[in-house]
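Observations on the three-dimensional arrangement
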Amino acid sequence: MAERGKRTVRDLRRGNRASLLRHLYFEGPLSRQELGRDTGLSAGSISNVVGELIADGMVEEAGAVESDGGRPRILLQVAPGYGYVVGVDVGETRVRVELFDLALTERAAADLPLSDSGHDVDHVVRLVLDGIDTVVREAGIDEREVLGVGIGVPGIVAQHDAPGDLPGDGVIVHGQTIGWDAVPMGRLLRAGTALPLFIDNGAKTLGQAEMWFGAGRGSDNVVIALIGSGVGACVVTDGKPYHGASSSAGEWGHTTLRVGGRTCRCGSRGCLEAYVGAEALLGRWPGAPKGVSEETALAELLAAADRDPEADALLAEAAEYLGAGIADLINLFNPHRIVIGGWAGLMLGPRILPTVREVAVAYALHHPCVQTSIELGRLGTDAVTVGAATLPLARFLDTGGERPVSLPAQADGEQQTESGPLRNRIARAVR
């Protein structure tokens, strides 16, 4: 038996696989010589680990490059088709589900409107499960090829695992703004799928996507802001998302910018969200169109601002409050970058970003402010979905390609039956 705290040969092998696989994923294609130089592993270790990964199908050749005076060097990359990951965004008006290969190339997608049921828990669970089933079927793959499902949800995500739980089973969601109080989201979803589950706050999944592939890449201290109907943030310090004592860190939208100010949908007053969130903005615009999506209404607000003084004043006020809120982030966290994302943030950004920067400079401490850039996200409106998909992908890389444990497969037709066993299992989980 190995001594506690002492690394075994198996631990070292797994660590080498993880180090090589992760580096190859983010920096590849690379040759064996470049992998040795970058990871510090010996030529023998590189040869052994690469041989294993190729034999397992996780790594494949990706062409060759000329070398100085010798044979061409073979380039290697993580095999995109080795497995698949699913990303889910439980948004404000819809559930978006996408299936990706390991290169995060979209293979199938499903948009499921929340409709009149809103964020009713049973309704959301049903949409998520239906979306997962749809994208797996449309991609034409076996469910066993899916390494996991990442899900970005609104609210505070807490983990309460019990002995024998699989990944995600013990997740509890506290979504005050949408009426979720200690919702056992992990167990509700587990009642309808055998796939490994990875659940986190939507702003944090957006943040991971921007850190891996977008505007946050290359910096270890970044705040990624999500502005949609509401407002949230992912605070990254020393390269890692900051969760706080109970995973509620990043609720930037519910910091108080004005004592006794406007009522926020969380029930408090004067929150940043009550001044810059899309729902609050549209609620204060007399010209807001009825019966259209928030995305459509916000686009009309932006278009009207050039001819409607009320619309223009509303956006100017939002820019000032957002700039002041960003100044608070600068003073509190001293980030290298602040990235504004989310569908509303990306729509508003081109018009209000210059004012936001000016206001942030006026309100923030000078020394940290001059070291901070404020920019828009680069991954578009589906960044939450991409970020959610990185949750199972991160586990795959960190474990050196280990496949997570899943439940036994459902009987044929069981998951698709609206009134059959799946519906009954969800009902039991709710109780």
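These remarks concern the structure in this document. (Residues numbered from 1 in each chain as written. Predicted model: local features only at pLDDT ≥ 70, side-chain atom pairs only at ≥ 80, totals over all residues. Heavy atoms only, no water.)

As for the sheet that holds strand S16 (residues 373-376)
Where strands meet in a sheet, backbone hydrogen bonds hold them as pairs that are either parallel or antiparallel. The sheet built from five strands is open, its strands ordered S14-S13-S12-S15-S16 with mixed pairing. Here the strands that pair on one side only, and so sit at the sheet edges, are strand S14 (240-241) and S16. Pairing geometry for strand S12 (residues 222-227) and strand S13 (residues 231-237), over six bridges, is antiparallel. In the strand pairing of S13, Leu-226 is matched with Gly-232. Where helix H10 (residues 309-333) meets the sheet, it contacts S12, S13, strand S15 (337-341) and S16, and its direction lies at approximately 140° from that of S15. Along the sheet, helix H11 (residues 343-363) makes contact with S12, S15 and S16, crossing S16 at roughly 160°. (Pairing = 2+ DSSP bridges. Helix = DSSP H or I, 4+ residues; strand = E, 2+ residues; numbered from the N terminus. Contact = heavy atoms within 4.5 Å. Axes fitted to C-alpha atoms, helices over the stretch in contact; angles between N-to-C directions.)

Quick notes on the pairing of S13
The element S13 is largely enclosed, with a buried count of six among its seven residues. Here S12 folds back onto S13, and the loop between the two strands holds three residues. Hairpin remark: S13 followed by S14, antiparallel, with two residues in the connecting loop; positive phi at Asp-238, about 50°. (Buried < 20%, exposed > 50% of the residue type's maximum accessible area, 1.4 Å probe, protein only.)

Concerning the packing of aromatic side chains
Applying the stated criterion to the full structure yields five aromatic pairs. Relative to Phe-26, the ring of Tyr-25 has its centre 5.2 Å away and its plane inclined at 85°; by these criteria the two rings are edge-to-face. (Phe/Tyr/Trp six-rings, centres within 6.5 Å; stacked < 30°, edge-to-face > 60°.)

Observations regarding the environment of Ser-219
Of note, Ser-219 is situated in the loop between helix H6 (202-213) and S12. Residue Ser-219 is classed as buried on the basis of its relative accessible area of 6%. For the pair Ser-219 and Gly-239, spaced 20 residues apart in sequence, the C-alpha to C-alpha distance is 7.4 Å. Filtering out sequence-adjacent residues up to four positions away, Ser-219 remains in contact with Met-211, His-336 and Arg-337. Separated by 3.5 Å, the side chain of Ser-219 and the backbone nitrogen of Asn-221 make a polar contact. A distance of 3.1 Å separates polar atoms of two side chains, one belonging to Ser-219 and the other to His-336. (Polar contact = N/O pair within 3.5 Å; in protein donor to acceptor, adjacent residues only side chain to side chain.)

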